[in-house]
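Analysis of the macromolecular model
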Amino acid sequence: MNYHNITKEDMLNGDGIRVVLWVSGCEHHCKNCQNPITWDKNGGLPFDKAAEDELFEALNKPHIDGITFSGGDPLMPYNRKEIFRLIKKCRELYPEKSIWLYTGSKWEEIRDFPDLNLIDVIAEGEFVEALKDNNLHCVGSSNQRVIDIKSTLEQNKIVLHA
């Protein structure tokens, strides 16, 4: 897996102050995407031990509320295994910190993925320029949903994050 950046104190990609891992690779190619540089799965840098150490060192700070996986798309097939390994490690080391994930895929396409229960919130759906709305919380267009995973799985229906 490749990545473009690790943002160590972010307040735009989830609740609170977050660490964000921006992965490489996205096949959605949404018109007017805010991160088209991340589309190439071979772009950026290899996510190696040094990058992982940097990620977890940033996450270890007490004022950090959690981690967000974004990109690109963390759930592209070539990113999935490594992303879920990192999610498991985050959950084990920092059970009190929240885990968010952004994907262009719809909930209906990913809901059967193993280990989704380890994620707190998924912001899902492709960005659609015609539905752009700057007043939305954590997404860019009105077709996208910010889903509370635990409640959604418990109730067997989509529950939006408040």
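The preceding data block contains the structure.
Anyway, here's the lowdown on the structure attached to this text. Please read all numbers here as calculations on a predicted model, not as lab measurements.

Points about the overall build of the chain
- A tally of regular secondary structure across the chain gives four helices and seven strands.
- If you list the helices and strands of the chain from N to C, you get β-β-β-α-β-α-β-α-β-β-α.
- A compact globule built from 162 residues should have a C-alpha radius of gyration of about 15 Å, and the chain, at 15 Å, falls within 12% of that.
- The dimensions of the chain, computed from C-alpha atoms along their principal axes, are 40 × 35 × 30 Å.
- Put simply, the chain has 162 residues, and 50% of those count as buried.
- Surface summary for the chain: the accessible area is close to 8,500 Å², and the carbon and sulfur share equals 50%.
- A gap of 2 Å separates the mean positions of the 19 positive and 26 negative side-chain charges of the chain.

So, the sheet that holds strand E2 (residues 18–23)
- In spatial order, the strands read E3-E1-E2-E4-E5-E6-E7; together these seven strands make up an open sheet with mixed pairing. Every other strand in the sheet has two partners, leaving strand E3 (45–46) and strand E7 (145–148) as the edge strands with one partner each.
- Bridge count for strand E6 (residues 121–124) against E7 is four bridges, and the pairing is antiparallel. Counterpart to Ala123 in the pairing with E7 is Val146.
- Strands strand E1 (2–10), E2 and strand E4 (66–71) of the sheet are contacted by helix H1 (residues 49–59), whose axis makes an angle of about 15° with E1.

Re the side chain of Asp148
- Position of Asp148 among the secondary structure elements: in strand E7.
- Here Asp148 occupies a buried position and makes no salt bridge, while the nearest side chain of opposite charge, Lys150, is found at 8.0 Å.
- At 3.3 Å, the side chain of Asp148 forms a polar contact with the backbone nitrogen of Lys150.
- Engagement of the side chain of Asp148 in a polar contact is seen with the backbone nitrogen of Ser151, the distance being 2.9 Å.

Observations regarding the pattern of salt bridges
- The full count for this structure, using the stated rule, is 10 salt bridges.
- Lys8 is the salt-bridge partner of Glu54, the closest N and O atoms lying 3.0 Å from each other. Of this pair, Glu54 sits in helix H1 while Lys8 is found in strand E1, placing the two residues 46 residues apart along the sequence.
- What makes Lys8 partly exposed here is its relative accessible area of 38%.
- Notably, a salt bridge pairs Lys106 with Glu124, separated by 3.9 Å at the nearest N-O pair. Of the two residues, Lys106 sits in the loop between strand E5 (98–103) and helix H3 (107–110) while Glu124 sits in strand E6, which places them 18 residues apart along the sequence.
- Classification of Glu124 by relative accessible area gives buried; the value is 0%.
- Each member of the salt-bridge network shares a partner with another, and the members are Glu52, Glu82, Arg85 and Lys89.

Rules and cut-offs
- Residues numbered from 1 in each chain as written.
- Predicted model: local features only at pLDDT ≥ 70, side-chain atom pairs only at ≥ 80, totals over all residues.
- Heavy atoms only, no water.
- Helix = DSSP H or I, 4+ residues; strand = E, 2+ residues; numbered from the N terminus.
- Rg over C-alpha atoms; globule rule 2.2 N^0.38 Å.
- Buried < 20%, exposed > 50% of the residue type's maximum accessible area, 1.4 Å probe, protein only.
- Areas by Shrake-Rupley, 256 points an atom, 1.4 Å probe, with all protein chains shown as cover.
- Lys, Arg positive; Asp, Glu negative; His and termini not counted.
- Charge placed at Lys NZ, Arg CZ, Asp CG, Glu CD.
- Pairing = 2+ DSSP bridges.
- Contact = heavy atoms within 4.5 Å.
- Axes fitted to C-alpha atoms, helices over the stretch in contact; angles between N-to-C directions.
- Salt bridge = Lys/Arg side-chain N within 4 Å of Asp/Glu carboxyl O.
- Polar contact = N/O pair within 3.5 Å; in protein donor to acceptor, adjacent residues only side chain to side chain.

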